[in-house]
Amino acid sequence: MGRKSLACTLDGKGTSSSVRRSRCEAGFSERGAGARSQLASFPMTLRLHDTRVGEKRRFEPLDPARVTMYVCGPTVYNYAHIGNARPAVIFDLLARVLRRRYELIFARNITDVDDKIIKRANQEGLPSSEVAEKYIQTFYEDMDILNILRADVEPRCTEHIPEMIGLTERLI
């Protein structure tokens with residue numbers, strides 16, 4: 001299997017930002033909690049790498065008050081490693097920056113069914129659902145140690161298989 005390219009859709013319309021070189025350039029100083037209304041009038045420039053056009057672009061949400069962000073989360077077949085932590089850290093930082101200015105709905109999926117999970121389940125003599133749950137919990141524990149905030153919504157693949165099949169059928 002080749003190297004995965006991580007990207008996130010920021011506005012629900014296909015504008016994506018690359019994880020590889022994403023940097024937030026924010027033009028505001030540190031402020032106390034509850035300062036979102038003050039920040040709304042404070043100028044902020046956020047530039048993200050748009051993989052569709054291959055360049056940094058100014059982030060301009062479709063809804064100036066509310067942003068949605070969906071990112072790929074972990075495939076839970078083993079303990080977390082630096083490859084799992086890197087996108088979690090980057091998107092946690094991006095979510096924190098966005099929350100300073102916007103209402104943010106942050107979704108990160110959890111891949112809880114996969115060949116690697118089934119292989120691990122066979123090795124451990126457990127159902128794949130138990131293996132997935134075990135490593136979801138260890139992922140949370142590890143991310144808690146890194147002070148990574150949980151996403152607002154964390155859909156699991158097993159909860160959306162019919163929708164994934166339907167989307168695949170439409171694409172084919």
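Conventions and cut-offs
- Residues numbered from 1 in each chain as written.
- Predicted model: local features only at pLDDT ≥ 70, side-chain atom pairs only at ≥ 80, totals over all residues.
- Heavy atoms only, no water.
- Salt bridge = Lys/Arg side-chain N within 4 Å of Asp/Glu carboxyl O.
- Helix = DSSP H or I, 4+ residues; strand = E, 2+ residues; numbered from the N terminus.
- Patch = residues over 30% accessible without salt bridge, like charges linked within 9 Å, V, L, I, M, F, W, Y side chains within 5 Å.
- Areas by Shrake-Rupley, 256 points an atom, 1.4 Å probe, with all protein chains shown as cover.
- Buried < 20%, exposed > 50% of the residue type's maximum accessible area, 1.4 Å probe, protein only.
- Polar contact = N/O pair within 3.5 Å; in protein donor to acceptor, adjacent residues only side chain to side chain.
- Phe/Tyr/Trp six-rings, centres within 6.5 Å; stacked < 30°, edge-to-face > 60°.
- Arc of directions from axis to C-beta.
- Contact = heavy atoms within 4.5 Å.

> Give me the lowdown on the pattern of salt bridges, citing residues and values where you can.
The final tally for this structure, using the stated rule, is 11 salt bridges. Residue Arg 120 is joined to Glu 124 by a salt bridge in which the shortest nitrogen-to-oxygen separation is 3.7 Å. With a gap of four residues between them, Arg 120 and Glu 124 both fall in helix α3 (residues 115–124), about one helical turn apart. Notably, a salt bridge pairs Arg 150 with Asp 144, separated by 3.1 Å at the nearest N-O pair. Because the salt bridges share partners, they merge into one network encompassing Asp 50, Arg 52, Glu 55 and Arg 57.

> Describe a nonpolar patch on the surface, with residues and values.
A surface patch of nonpolar side chains, about 380 Å² in accessible area, is lined by Val 113, Ile 118, Ile 161, Met 164 and Ile 165. Sort the elements by how many residues they give to the nonpolar patch and helix α5 (residues 161–171) lands first, with three residues. Here Ile 161 shows up in helix α5. Judged by its relative accessible area of 33%, Ile 161 falls in the partly exposed class.

> For the side chain of Arg 108, give the residues involved together with the corresponding values.
Tracing the backbone through its elements, the reader meets Arg 108 in strand β6 (residues 103–108). Side-chain polar atoms of Arg 108 contact the side chain of Glu 154, separated by 2.6 Å.

> Would you mind going over the packing of aromatic side chains in detail, with residue names and values included?
Applying the stated rule across the entire model yields three aromatic pairs. Aromatic pair Tyr 79 and Tyr 135: ring centres 5.2 Å apart, planes at 85°, arrangement edge-to-face. Residue Tyr 79 is located in the loop between β5 (66–71) and α2 (82–99), and its partner Tyr 135 is located in helix α4 (residues 128–145); the two are separated by 56 residues in the primary sequence. Residue classification places Tyr 79 among the partly exposed positions, given a relative accessible area of 47%. Exposure remark for Tyr 135: the relative accessible area of 1% places this residue in the buried category. Aromatic pair Phe 139 and Tyr 140: ring centres 6.3 Å apart, planes at 50°, arrangement tilted.

> Got a sec to walk through α3? Specific residues and values, please.
Among the residues of α3, those classed as buried are Ile 117, Arg 120 and Ala 121. An end-on view of α3 places all buried positions within 105° of arc, on one side of the element. For α3, exposure combined with an orientation more than 90 degrees from the buried face picks out Asp 115, Lys 119, Asn 122 and Gln 123. Contacts made by the buried residues of α3 are with α4. Two or three places before Lys 116, at the start of α3, stands the capping residue Asp 114, its side-chain oxygen 2.8 Å from that residue's backbone nitrogen.

> Talk me through the environment of Arg 120; I want residue IDs and the actual numbers.
Spatially, the C-alpha atom of Arg 120 lies 9.4 Å from that of Ala 132, the residues being 12 residues apart in sequence. Not counting the four nearest positions on each side in its chain, Arg 120 is found in contact with Tyr 77, Asn 78, Val 131 and Tyr 135.

By themselves, these are just geometric observations and shouldn't be taken as functional.
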